[in-house]
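The lines below spell out each chain.
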Amino acid sequence: MQTPRISASSYSNTAPLVWSFLFGKNHGKVEIILDNAPSRSAELLTQDRVDVALVPVICAQTIGDVWLIPDVCVGAREEVRSVCLVTKGIDLCDVKSVALDVSSKTSAVLTKIIFREFLGHEPYWIEAEPNVDKMLSQADAALIIGDPALGLSSPPYEGGVAAFRGRGGSLFRVFDLAELWHQHTGLGFVFAMWMTRRESCEIDFASARDEGLAHIEEIAANYSAETKLSVDELKSYLTENISYAIDDTMRKGMELYFRVAEGHGLIEQYREIKFIST
């Protein structure tokens, strides 16, 4: 029997989902491909080069014949901290241009929904590499995701808003996308899920997740230097901000996200969400 191939990004928030395959009970049972960009895993799944991939949730609407692995996700009930919009000290209603980090299509679509549906205006969109200084040199706001966003969304706060000072002393404001979504909908948000194009899946991703969560201390210690956060800060992020299981508000949030995306022409047509039997 051929060894299953799986793919995921190498961000800290995916670590609890892949720890078992790298170091735990599932080590050696799969071939795992890790990449910094979630879009790379989506590409591998689209090309049928992997059996299962942890991909941006929008892929449920953009990749044909895809099935979702139930109950396991990277999501947030309120604040996520690692998906944010950074502005040059201005409020989002004053933003006229946005540089989009396109390494996660889910977050790019969510950004457009926030402006179109919640704020009622359409800024100019610029696709850019994920470098906040370069992005803000050409736009009023920048979408930053993953570990690079964590340091930006950490305290201190100024006037009740997450903010930081740039190298030249300029003030930048930070807006959490999951928090904005929750403020306007009252729902949680799912950013990524395991998906497959196979008709069956023998891998127990739920138990792999549980094993990873039992090793949060090790994971936090491993990513602390890379994220420039203390072990305690990283543990707090992974256990309090990120949700690895879908609750009812997150499931409803995912459904609404797809419906609103369709309404704004951000996906071609809504596809029924299909969960594989495990």
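Per-chain numbering applies: the sequence of each chain, read as written, is numbered from 1 onward. Owing to the predicted nature of the model, reporting of local features is limited to residues with pLDDT of at least 70; listing and counting of side-chain atom pairs is limited to 80 or more, with chain, interface and lining totals taken over all residues. As a rule here, side-chain values come from all non-hydrogen atoms in the structure, and water together with hydrogens is ignored.

### Description of the overall build of the protein
No. 1: Helix numbering and strand numbering both begin at the N terminus, where a helix is a DSSP run of H or I of at least 4 residues and a strand a DSSP run of E of at least 2. Scanning the protein for helices and strands turns up eleven helices and 13 strands.
No. 2: With the radius of gyration taken over C-alpha atoms, the globule rule is written as 2.2 Å times the number of residues to the power 0.38. The globule rule puts the C-alpha radius of gyration for 278 residues at 19 Å, and the 18 Å found for the protein is close to it.
No. 3: In terms of principal-axis extent, the alpha carbons of the protein reach across some 55 × 45 × 30 Å.
No. 4: When the 278 residues of the protein are sorted by exposure, 54% land in the buried category.
No. 5: Counting every atom, the protein has about 12600 Å² of accessible surface; 47% of that belongs to carbon and sulfur.
No. 6: Under the convention used here, Asp and Glu are negative, Lys and Arg are positive, and both His and the chain ends fall outside the count. Here the site of a charge means NZ on Lys, CZ on Arg, CG on Asp, or CD on Glu. Charge separation in the protein, taken as the distance between the mean sites of 26 positive and 39 negative side-chain charges, equals 3 Å. Categorising residues by exposure relies on relative accessible area from a 1.4 Å probe, with only protein chains included: less than 20% of the type maximum marks a residue as buried, more than 50% marks it as exposed, and the intermediate range marks it as partly exposed. Accessible surface is estimated by sampling points in the Shrake-Rupley manner with a 1.4 Å probe; for residues, cover comes only from the protein chains shown.

### Some remarks on the sheet that holds strand S2 (residues 31–35)
No. 1: Taking strand neighbours across the sheet as the criterion, the six strands line up as S2-S1-S3-S12-S4-S13 in an open arrangement whose pairing is mixed. What marks the edges here is a single partner per strand, and that holds for S2 and strand S13 (243–245). The average undirected angle you get between the axes of adjacent strands in this sheet is 25°.
No. 2: Both strand S1 (residues 5–9) and S2 contribute to a ladder of five bridges, which runs parallel. Of the residues in S2, the one forming a bridge with Arg 5 is Glu 31.
No. 3: Sitting on the sheet, helix H8 (residues 205–213) is in contact with S1, strand S3 (52–56), strand S4 (67–76), strand S12 (189–196) and S13, with an inclination near 25° to S4. When DSSP finds two or more bridges between a pair of strands, those strands are recorded as paired. Only C-alpha atoms enter the line fits that serve as axes; for helices the fit covers just the stretch in contact. Angles between N-to-C directions range over 0 to 180 degrees. Throughout, a contact is declared for two residues whenever any of their heavy atoms are within 4.5 Å.

### As for unusual backbone geometry
No. 1: A positive phi angle, close to 50°, is found at Asp 65, a residue other than glycine.
No. 2: Mapped onto the secondary structure, Asp 65 falls in the loop between helix H3 (59–62) and S4.
No. 3: Classification of Asp 65 by relative accessible area gives exposed; the value is 59%.
No. 4: With a phi close to 75°, Arg 81 is a non-glycine residue in the positive phi region.
No. 5: For Arg 81, a relative accessible area of 13% corresponds to the buried category.

### Looking at the pattern of salt bridges
No. 1: Between Lys or Arg on one side and Asp or Glu on the other, a salt bridge is scored when a side-chain nitrogen of the former is within 4 Å of a carboxyl oxygen of the latter. Going through the model one piece at a time under the given rule, you end up with eleven salt bridges.
No. 2: For the salt bridge of Asp 48 with Arg 198, the shortest nitrogen-to-oxygen distance reads 2.7 Å. With Asp 48 in the loop between helix H2 (38–46) and S3 and Arg 198 in the loop between S12 and H8, the pair connects residues that are 150 residues apart, well separated along the chain.
No. 3: Owing to a relative accessible area of 41%, Asp 48 belongs among the partly exposed residues under this scheme.
No. 4: The partner of Lys 235 in a salt bridge is Glu 217, with the nearest N and O atoms 2.9 Å apart. Taken together, the residues Lys 235 in helix H10 (residues 231–241) and Glu 217 in helix H9 (residues 216–227) connect sequence positions 18 residues apart.
No. 5: On the accessibility criterion, Lys 235 (26% relative accessible area) is partly exposed.
No. 6: Residue Glu 217 is classed as partly exposed on the basis of its relative accessible area, which comes to 47%.
No. 7: Through salt bridges with shared partners, a single network forms among Asp 48, Asp 51 and Arg 198.

### Topic: the packing of aromatic side chains
Each aromatic ring pair is summarised here by two numbers: the centre-to-centre distance and the angle between the ring planes.
No. 1: Stacked, edge-to-face and tilted are the three classes for Phe, Tyr and Trp ring pairs, Trp counted by its six-membered ring, which pair at centre distances within 6.5 Å; planes under 30 degrees apart are stacked, over 60 edge-to-face, the rest tilted. Counted under the stated rule, the structure contains eleven aromatic pairs.
No. 2: Seen in terms of ring centroids, Phe 115 and Trp 125 are 5.8 Å apart; in terms of plane orientation they differ by 80°. Their pairing is edge-to-face. Remark: Trp 125 occurs in strand S7 (residues 124–128) and Phe 115 occurs in helix H4 (residues 105–119); sequence separation between them is ten residues. No difference in accessibility class separates Phe 115 from Trp 125, as the two residues are buried.
No. 3: Here Trp 181 and Tyr 257 contribute two aromatic rings whose centre-to-centre distance is 6.4 Å and whose plane-to-plane angle is 85°, an arrangement assigned as edge-to-face. Note that Trp 181 is positioned in helix H7 (residues 177–185) and Tyr 257 in helix H11 (residues 248–263), a separation of 76 residues in sequence. The same class applies to Trp 181 and to Tyr 257, which are both buried.
No. 4: Chaining the aromatic ring pairs together yields one cluster made of Phe 118, Trp 181, Phe 189, Phe 191, Tyr 257 and Phe 258.
No. 5: Between Arg 259 and the ring centre of Tyr 270, over which it is positioned, the NZ or CZ distance is 3.7 Å.
No. 6: The criterion for a charge sitting over a ring is simple: Lys NZ or Arg CZ within 6 Å of the ring centre, and within 35 degrees of the ring normal. When the ring centre of Trp 67 is taken as reference, the NZ or CZ atom of Lys 274 above it lies at 4.4 Å.

Everything listed here is a matter of coordinates, which is why it stays silent on function.
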